[in-house]
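The residues making up each chain are set out below.
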Amino acid sequence: MSSGHEELPDCSGDEEAWLVEAGDEGLRLDAYLCAHLEDVSRTRAQRWIADGLARVDGASSKSSARLKTGQVVTLLVSPVLQEVKLSPEALPLEIVFEDSDMIVLNKAVGMVVHPSPGHATGTMVHALLHHCRGQLSGIGGVARPGIVHRLDKDTSGLIMAAKTDLAHASLSDQIAKKEASRLYWAVVGGHLPTSVGRVDAPLARHVVHRQRMAVVAGGRPAATRWEVLESFRGYEWVACLLETGRTHQIRVHMNYLGHPIVGDPVYGGDRSLPVKLSGQALHARGLRVRHPRTAEILEFEASPPEPFSKLLNYLRLHRAEKGR
């Protein structure tokens, strides 16, 4: 089990470890390291791999090796990486469900899920360490105890964490096999071509802006289904169901269709509306998953944050004023 000050594994040096999730299936090992360690170049990652510092399931590998869901990538920390030690923090959490195996939260806008450069404190992981008293799965590594999947900083809504390794493995497997269902609400600009549809477009890192994702031929398969819930003057409220779980998937797919999410600062969403949003109007509304121990089907819903609701009310009022 992880603890608030868990020591990194004793392996003649410090070690970072990550469980490969469904969203990273098929990614090259060197690209995976770049994606999980900010400000690390592909050349540096390849050097670590060649030197045997980066391994897959405990064995040396090649930079070009394609990763599979459930594999464990480890990196023997070099001097440029610092040991991660987490201290529990008493931060507010909106708990939707909790038992001895797992916990489901309605994450607030602005909360970072796990530590990363620039976010050494104040993350959801720090809050979970305090709330769960260290009883979190260790599969995700020292910096990500219990984390099964992630949400962007400025995306609100349902996110689950595992308290045991057994729960973590089960929940991750359900996501990988598309047995878990994750539904999102979004407000997008313009009007989608149909009221119900599906976008199937592969995603990869942007060739220039490495912190962004883009639709790229030869990228990892990514598919999102949408349904228009309500139309306004120049905007639509849509429900999006993930078929895959790629980084920034819904944000990139909506932008690719020419209808970026309102308030999205990275992918060109409209930020001119008077309703103040901290980020994009994207909310993880629904979650359906099988309990990792009892096999009971669990279904959760989370109300969106107040600014999201205010945005919908503003658009309805604006539509009424225009006679639409």
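Each helix and strand in the chain was counted, giving 6 helices and 15 strands. Burial analysis of the chain (324 residues in total) assigns 51% to the buried set. A fraction of 66% describes how many contacts in the chain between residues 6 or more apart in sequence connect residues 24 or more apart.

It is worth spelling out unusual backbone geometry at this point. The backbone phi angle of Asp 57 is positive, close to 55°, even though this residue is not glycine. Positionally, Asp 57 belongs in the loop between strand 2 (54–56) and strand 3 (59–60). Judged by its relative accessible area of 48%, Asp 57 falls in the partly exposed class. Phi at Ala 295 takes a positive value of approximately 70°, unusual for a residue other than glycine. As for its placement among the helices and strands, Ala 295 is situated in the loop between strand 14 (282–290) and strand 15 (297–301). By relative accessible area, which is 44% here, Ala 295 ends up partly exposed.

If you trace the backbone, Ala 204 turns up in strand 10 (residues 203–205). Counting along the chain gives 12 residues from Ala 204 to Val 216, while the straight-line C-alpha distance between them is 5.8 Å. Not counting residues up to four positions away in its chain, the partners in contact with Ala 204 are Arg 212, Met 213, Ala 214, Val 216 and Gly 219.

Let's shift gears to the packing of aromatic side chains. Applying the stated criterion across every chain, the model contains 3 aromatic pairs. With a centroid separation of 6.4 Å and an interplanar angle of 80°, the aromatic rings of Trp 18 and Tyr 32 are classed as edge-to-face. Here Tyr 32 lies in helix 1 (residues 29–36) and Trp 18 lies in strand 1 (residues 15–19), a separation of 14 residues in the sequence. By relative accessible area, which is 1% here, Tyr 32 ends up buried. Between Phe 97 and Phe 300, the ring centres sit 5.4 Å apart and the planes meet at 45°, which makes this aromatic pair tilted. Highlighted residues: Phe 97 in strand 5 (residues 95–98) and Phe 300 in strand 15, separated in sequence by 203 residues. Of the residues examined, Phe 300 reaches a relative accessible area of 10% and is grouped as buried.

Another point: helix 1. Most of helix 1 is tucked away: 7 of the 8 residues are buried. Residues of helix 1 that are buried: Leu 29, Asp 30, Ala 31, Tyr 32, Leu 33, Cys 34 and His 36.

Soluble globular proteins tend to pack their nonpolar side chains together in the buried interior. Among the nonpolar cores identified, the biggest contains 45 residues, and Met 124, Leu 128, Tyr 184, Val 187, Ile 250, Ile 261 and Leu 311 are the most heavily contacted of them. If you tally residues by element for this core, the top one is strand 13 (residues 235–242), at 6 residues. Excluding residues that lie within four positions of it along the chain, Ile 261 makes contacts with Ala 186, Val 187, Val 188, Ile 250, Arg 251, Met 254, Gly 269, Asp 270, Gln 280, Ala 281 and Leu 282. Among the nonpolar cores identified, the runner-up in size contains 18 residues, and Leu 27, Ala 31, Tyr 32 and Leu 75 belong to it.

Let us now look at the pattern of salt bridges. Under the definition given, this model contains 17 salt bridges. Two residues, Arg 198 and Glu 243, come together in a salt bridge whose shortest N-O distance is 2.9 Å. Taken together, the positions of Arg 198 in strand 9 (residues 196–200) and Glu 243 in the loop between strand 13 and helix 5 (249–256) put the pair 45 residues apart, joining distant regions of the chain. Residue Arg 198 is classed as partly exposed on the basis of its relative accessible area, which comes to 44%. Between Arg 316 and Glu 230 there is a salt bridge, and its shortest N-O distance comes to 2.9 Å. A residue pair is termed long-range when its members are at least 10 positions apart, and Arg 316 in helix 6 (residues 306–321) and Glu 230 in strand 12 (residues 223–231) qualify at 86 residues. Shared partners join several salt bridges into a network, and the residues in it are Arg 198, Asp 200, Arg 225 and Glu 243.

With respect to the element layout, Asp 30 can be found in helix 1. Under the relative-accessibility criterion, Asp 30 is labelled buried at 0%. At a separation of 2.8 Å, a polar atom in the side chain of Asp 30 contacts the side chain of Arg 28. The contact partners of Asp 30, leaving out residues within four places of it in the chain, are Arg 42, Ala 45, Gln 46, Ile 49 and Ser 63.

Reading guide: rules and limits
Residues numbered from 1 in each chain as written. Predicted model: local features only at pLDDT ≥ 70, side-chain atom pairs only at ≥ 80, totals over all residues. Heavy atoms only, no water. Helix = DSSP H or I, 4+ residues; strand = E, 2+ residues; numbered from the N terminus. Buried < 20%, exposed > 50% of the residue type's maximum accessible area, 1.4 Å probe, protein only. Contact = heavy atoms within 4.5 Å. Phe/Tyr/Trp six-rings, centres within 6.5 Å; stacked < 30°, edge-to-face > 60°. Core = buried A, V, L, I, M, F, W, Y, C linked by side-chain atoms within 4.5 Å. Salt bridge = Lys/Arg side-chain N within 4 Å of Asp/Glu carboxyl O. Polar contact = N/O pair within 3.5 Å; in protein donor to acceptor, adjacent residues only side chain to side chain.

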